[in-house]
Amino acid sequence: MPSFTSEAEFEKNIINQLIQGESQWTYRDDLKTEDQLWDNFRQILEANNVSVLNGVPLTDQEFEQVKAELNFSSFYAAAVWLTGENGVAKATVQREDASKGTILLQVIRRQDIAGGTSVYEVINQYRTTQVSPVDRQRIFDVTLLINGLPMIHIELKNKSDGYMSAYEQINKYLNEGKFNGIYSTTQMFVVTNGSDTRYIAAGRGEKLNSKFLTTWVDKDNKRVNNYLEFAEHVLSIPHAHKLVTQFTVIDNEKKSLILLRPYQIHAIEAVERASRRRESGYVWHTTGSGKTLTSYKVARNLLQIPSIDKTIFIVDRIDLDQQTTASFTSYAENDVIDIDQTDNVSDLVKKLVSNDRTLIVTTIQKLNYVMKRYGDNENNRNYKKLRSLHVAFVVDECHRAVSPEKQQEINKFFPYTLWYGFTGTPLFVENARQEQGNLARTTEEQYGPRLHEYTVKEAINDNAVLGFQVEYNNTISDDDLIDIVKHEAKVDSVLHMDEVQKEKYIPTQIYYSDEHKLEVIDTIINHSKNKFNLDRGIGNTYSAILTTSSIKEAQRYYDSFREVIEGRSSVVISDKVKKAVVDFPKVSVTYSVTETEESSFENQSHLKGVLEDYNKMYNTNYDLSNLRGFNRNLNDRLARKKEIYKYREEQIDIVIVVDRLLTGFDAPSLALLFVDRQPMRPQGLIQAFSRTNRIYDHTKQYGQIMTFQSPATFKEAVQEAFLLYSNGGENAIQAPDWDEAFSNFTFALEELRFIAPNPDNIDMNDETEALKLFVKNYQQFDKTFSAIKVYSNYDEDYFKEEFGLKVELIEDYHGKYENALQEIKERIGENDVEEILFDIDYKLSSIGTDKIDYEYLILLIQNLSNERYNQKDDKPSKKRVNEIEKYISDFKQTNPKLAVIIDDIWNEVQHLPKEELKNLDVSQKLQLKIEEKIDTIEEKITKEYFLNKEDFAFLVENYNPAKKKQIGETELKRSADYNAYKENTENGVNRLKFWKHVKNEFTDVIEEEILPLNWR
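Just so you know, these numbers come straight off a predicted model, no measurement behind them.

### A look at the overall build of the chain
(1) Moving on: When its secondary structure is counted, the chain shows 41 helices and 25 strands.
(2) Moving on: For the chain, whose C-alpha radius of gyration is 31 Å, the value lies close to the compact-globule estimate of 31 Å for 1016 residues.
(3) Moving on: Seen through its C-alpha atoms, the chain measures out along the principal axes to roughly 100 × 80 × 60 Å.
(4) Moving on: Put simply, the chain has 1016 residues, and 56% of those count as buried.
(5) Moving on: Taking as baseline every contact in the chain between residues at least 6 positions apart, the subset at least 24 positions apart corresponds to 73%.
(6) Moving on: For the chain, the distance from the average position of its 127 positive side-chain charges to the average position of its 162 negative side-chain charges is 4 Å.

Next comes the structure, spelled out in structure tokens:
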């Protein structure tokens, strides 16, 4: 057998790392059960509250109150409680002696880091409590306790597995309800196989997304992968305590916990250091990497510096004012500070002169009015107060939000200022502002030195954002282009011109024609099915923005889309698209409407029709008097962050804009940007493109962009922008063009078929090197095949016919791949791991895209139960009920065994009393039902053949259909009681045939009855 460093050895090593030197962690090998953890917590609680207890320790009944208060329904709820009041989390106890009243016991002080009342302990091999006969006891690896509460859980695997195996193990424990009780306070998970280590905020179900597993990097963006180095950098004290308190954000809107990524933490600390030196500066973090979150933490932490009176967060438009304030308010809901949104100028002045230490979010326009009102009014009672303020300005998209000229005015009015700018697209010498006197032309000239840098190249490398896949389309044929150029340039030949030069002669009106628009619409609707991810089923599609050159063009596009949708156009929605998502596409438009514009009346009239369509589509009631409400609702619908927008009936597919939403808009489900206009400046291109490349789900591989004008000119502009904002790594941030992607795919397919012309050519008895070669080549095939599907050139029917890539064939390859991968893991030794040329943690993409998404179905049921609990009439939307039932019906075609259990859960959820829905966890309820079903099956077969049930349960849990002999099979055979079987079984088989017969029977039962229940 190959040898590996055991998980026990990993545990020992990481514990030694944590307790050595000045780490301040103490190893507690006596804490192995929940009762022991509660007893330990009780001792620490009483020791930290001696004066409050006043010499009277807690009684058992009183401590039960504490245990009940600390048994949280979610990690989010635990995080809310842990913030406490003014950073102190407390437990409420009604004393048994009524004369002693109610007391508040301090549990954790967020600021007590590396001292004070904080106690840091490490445990391992914790054994979970069995809550039912079918519940199986699990053993946790390593957990870090702060004041007795499990705050950080570490799951370890040896090097034959990847860190994703540890992640899946945590997921399994979550589904089994193992992180309840005292473990419900967990705030962070760490997964590692020794060589690769990741961390993630604690969450359940959709709140735990493997896409957000984070690698630690140091302040120079160098990766820290080794588990012992990770423990030193991240898990030592004070770092670990800071991470789960100061560098944690609670998102009230999403009801989830956010752990900041390393580059965000380094930037926050860099700004703090600068502010204490009374120095300004700017942070360059690529768009899409979480600047709003980083800037929130910066603004929040600046309030803790006594020399700063006010922190003002400036945004440059009302749209962003609404969005940023909404995000900030969501983050601050359970924080120790208040967020003040300024509704008007008087409100802003009132908040500026107050003595409250609050974070103010406002626009530059409102700040401008304040300066005008008080600039020459020295006698006003507020004048001196305003002028004496020490203000820290935090500026989002700093090169646009505040002009150099305006900054000079602000500095003149507020003499004591610090400025901290945030941008994903700084102004450099290469794209500096035009010279205007002595005004700053670059971001550094305006704000000061760069305090921290995190480019798109680094973000893609860290999986913090996605790369870009750009396609350059043109509705003008090559022959027509030559004719146009000859006519416009008055030349007989165009051979002396390159493509960019030719495109300069294209008359603008060609791109404004109806023919052009219809061709663009046809491409968007009928030739972007894979781009929108339509085959993933309703609710799982991506959303898109179409940007045009003017409001008039946006209006014309909207009208043309309506004609297509209503069947009044020459463009017809294809049957393939209708079959995938019957109501695709849902389209709307947004643009500015002002009284001062000459075309205001026309714009208002058009928008009135848009609102009528919108109200009809979503059962809303917006009119011209409530455009802000409409825009906010449209933004939310496009972003799909709220649970309500997981339902297809509430989703929108395409929003048409001019410039709105192209900066500062955060929508992870947005994957596509269609551009029908001439290229913007470098910063504008990167900003617009970056709406699409947020991390979302497993199938979203790129931010996808399609342009429809001047392809050569556009390509040149994009390359210039990528070069400028990637520090020379433009090739690392952009997907290959179609020709290269197609070549990569065909080469990978040829290599795969050379190794294995068909799946049957792979045998698990093959040499290890042969299996490694197959796994490596199949991974490459899967990557290139899944990547090529998002190109508009991809034709599913052609690929099936030309390359024979039928679903059944890919499924067979997939099965062989999984079995080969498992076989390799079992054969190789620790020294061989470093030589493996494939990715142990790779997750296949090309299979399963046509299957109903199990997780989405469970999410819909969970959302509906939450809705029933939160609404007064307890009557969910009939459309949503129908959508869930349609999904269950479809799921029965994929996995009828599991679908029956889900259907039972669904029926229960619909009829449960409202009060029982409060803390209902559908995933855990489903897991319990599955375990009960499996237990029934195991009980039946073990009784029939007189097998040891524990041995059989062990075999079932470790069953691998690719193996002829299963783990635990020898023990099961040894414990089988043939005599009892023969005595109690009519016509039982003889002893020689007994085991073969039993094995055939339990193999059929496991593969036909049990494995389908664990397909998830």
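Okay, back to it.
### What to know about the pattern of salt bridges
(1) Moving on: As enumerated under the stated definition, the model contains 55 salt bridges in all.
(2) Moving on: Note that glutamate 553 is salt-bridged to lysine 517, the shortest N-O span being 2.3 Å. Taken together, the positions of glutamate 553 in helix H22 (residues 551-565) and lysine 517 in helix H21 (residues 514-526) put the pair 36 residues apart, joining distant regions of the chain. There is no split in this pair, since glutamate 553 and lysine 517 are both buried.
(3) Moving on: A salt bridge links lysine 800 to glutamate 796, with the shortest nitrogen-to-oxygen separation between them at 3.4 Å. On the criterion of helical spacing, the pair formed by lysine 800 and glutamate 796 is a turn pair, its members being 4 residues apart in helix H31 (residues 796-803).
(4) Moving on: By relative accessible area, lysine 800 is classed as partly exposed at 34%.
(5) Moving on: Accessibility expressed as a relative area gives 23% for glutamate 796, which makes it partly exposed.
(6) Moving on: In this structure, a network of salt bridges that share partners links the residues Arg136, Arg138, Lys172, Glu176, Glu938 and Glu957.

### Focus: helix H26 (residues 682-689)
(1) Moving on: Of all the 8 residues making up H26, 7 are buried; the element is thus mostly covered by neighbouring parts of the structure.
(2) Moving on: Of all the positions in H26, only Pro682, Gln683, Leu685, Ile686, Gln687, Ala688 and Phe689 are classed as buried.
(3) Moving on: Of the surrounding elements, those touching the buried residues of H26 are helix H15 (398-401), strand S20 (467-472), strand S24 (670-676), strand S25 (702-707) and helix H27 (711-725).

### A short note on the environment of glutamate 602
(1) Moving on: Summarising the element assignment, glutamate 602 is placed in helix H24 (residues 600-618).
(2) Moving on: With 50 residues separating them along the chain, glutamate 602 and lysine 552 place their C-alpha atoms 9.6 Å apart.

### Some points on the packing of H21 against H22
(1) Moving on: One way to put it is that H21 packs onto H22 with a least axis distance of 10 Å and a crossing angle of 60°. Taken together, the axes of H21 and H22 are oblique relative to one another. When the axes of H21 and H22 are compared, the crossing they make is right-handed. Side by side, H21 and H22 meet where Asp514, His516, Lys517, Val520, Ile521, Ile524 and Ile525 of the first sit next to Glu553, Arg556, Tyr557, Ser560, Phe561 and Val564 of the second.
(2) Moving on: When grouped by side-chain class, the residues that make up the contact of H21 with H22 number 7 nonpolar, 2 polar and 4 charged.

### Focus: the sheet that holds strand S8 (residues 197-201)
(1) Moving on: The 6 strands are arranged S1-S4-S5-S6-S7-S8 in an open sheet whose pairing can be described as mixed. The outermost strands of the open sheet, each flanked by one partner alone, are strand S1 (26-27) and S8.
(2) Moving on: Where strand S4 (residues 120-127) meets strand S5 (residues 139-146), 7 bridges bridge the pair, whose relative direction is antiparallel. Note that in S5 the partner of valine 122 across the bridge is leucine 144.

### Notes on the environment of threonine 287
(1) Moving on: Within the secondary structure layout, threonine 287 lies in the loop between strand S13 (281-285) and helix H10 (291-302).
(2) Moving on: When the C-alpha positions of threonine 287 and valine 465 are compared, they lie 8.8 Å apart, and in sequence the two are 178 residues distant.
(3) Moving on: With sequence-adjacent residues up to four places away left out, threonine 287 is seen in contact with Gly424, Thr425, Val465, Gln687, Ser690, Arg691, Asn693 and Arg694.
(4) Moving on: Of note is the side chain of threonine 287, whose polar atom sits 3.5 Å from the side chain of glutamine 687.

### Quick look at the nonpolar core
(1) Moving on: Grouped together as the largest cluster of nonpolar side chains are 107 residues, with contacts concentrated most on Phe41, Ile152, Met188 and Leu235.
(2) Moving on: Sequence-distant contacts of methionine 188, defined by excluding residues within four places in its chain, comprise Met151, Ile152, His153, Tyr199, Ile200, Ala202, Phe230, Val234, Leu235, Leu243, Val244 and Leu259.

### Quick notes on the pairing of strand S14 (residues 310-315)
(1) Moving on: In terms of residue burial, S14 counts as a mostly covered element, since 6 of its 6 residues are buried.
(2) Moving on: Of the two faces of S14, the one carrying Lys310, Ile312 and Ile314 and the one carrying Thr311, Phe313 and Val315 are both buried.
(3) Moving on: Across 5 bridges, S14 lies against strand S17 (residues 390-396) in parallel orientation. Along S17, the bridge assignment pairs isoleucine 312 with phenylalanine 393.

### A short note on the pairing of strand S16 (residues 359-363)
(1) Moving on: For S16, the tally of buried residues reaches 5 of 5 residues, placing the bulk of the element in the interior.
(2) Moving on: By the bridge criterion, 5 bridges tie S14 to S16 in an arrangement that is parallel. Bridge pairing in S16 places isoleucine 314 opposite threonine 362.

### A look at the layout of surface pockets
Over the atoms rolls a probe the size of a water molecule, and in doing so it shows where empty space is left.
(1) Moving on: The computed volume of the second largest pocket comes to approximately 950 Å³.
(2) Moving on: Residue assignment for the lining of the second largest pocket shows that the elements contributing at least two residues are helix H23 (575-580), H31 and helix H35 (878-894).
(3) Moving on: The biggest single contributor to the lining of the second largest pocket is H35, with 8 residues.
(4) Moving on: Among the residues forming the lining of the second largest pocket, the class breakdown is 9 nonpolar, 4 polar and 18 charged.

The rules we used
- Residues numbered from 1 in each chain as written.
- Predicted model: local features only at pLDDT ≥ 70, side-chain atom pairs only at ≥ 80, totals over all residues.
- Heavy atoms only, no water.
- Helix = DSSP H or I, 4+ residues; strand = E, 2+ residues; numbered from the N terminus.
- Rg over C-alpha atoms; globule rule 2.2 N^0.38 Å.
- Buried < 20%, exposed > 50% of the residue type's maximum accessible area, 1.4 Å probe, protein only.
- Contact = heavy atoms within 4.5 Å.
- Lys, Arg positive; Asp, Glu negative; His and termini not counted.
- Charge placed at Lys NZ, Arg CZ, Asp CG, Glu CD.
- Salt bridge = Lys/Arg side-chain N within 4 Å of Asp/Glu carboxyl O.
- Axes fitted to C-alpha atoms, helices over the stretch in contact; angles between N-to-C directions.
- Parallel < 35°, antiparallel > 145°, perpendicular 65-115°, else oblique.
- Left-handed = near helix turned anticlockwise from the far one by under 90°.
- Nonpolar A, V, L, I, M, F, W, Y, C, P; charged D, E, K, R; others polar.
- Pairing = 2+ DSSP bridges.
- Polar contact = N/O pair within 3.5 Å; in protein donor to acceptor, adjacent residues only side chain to side chain.
- Core = buried A, V, L, I, M, F, W, Y, C linked by side-chain atoms within 4.5 Å.
- 1 Å grid on protein atoms, 1.4 Å probe; cavity = no way out; pocket = protein on both sides within 12 Å on 5 of 7 lines; lining within 4 Å.
- Points joined across faces, edges and corners; volume = space filled by probe spheres on them.

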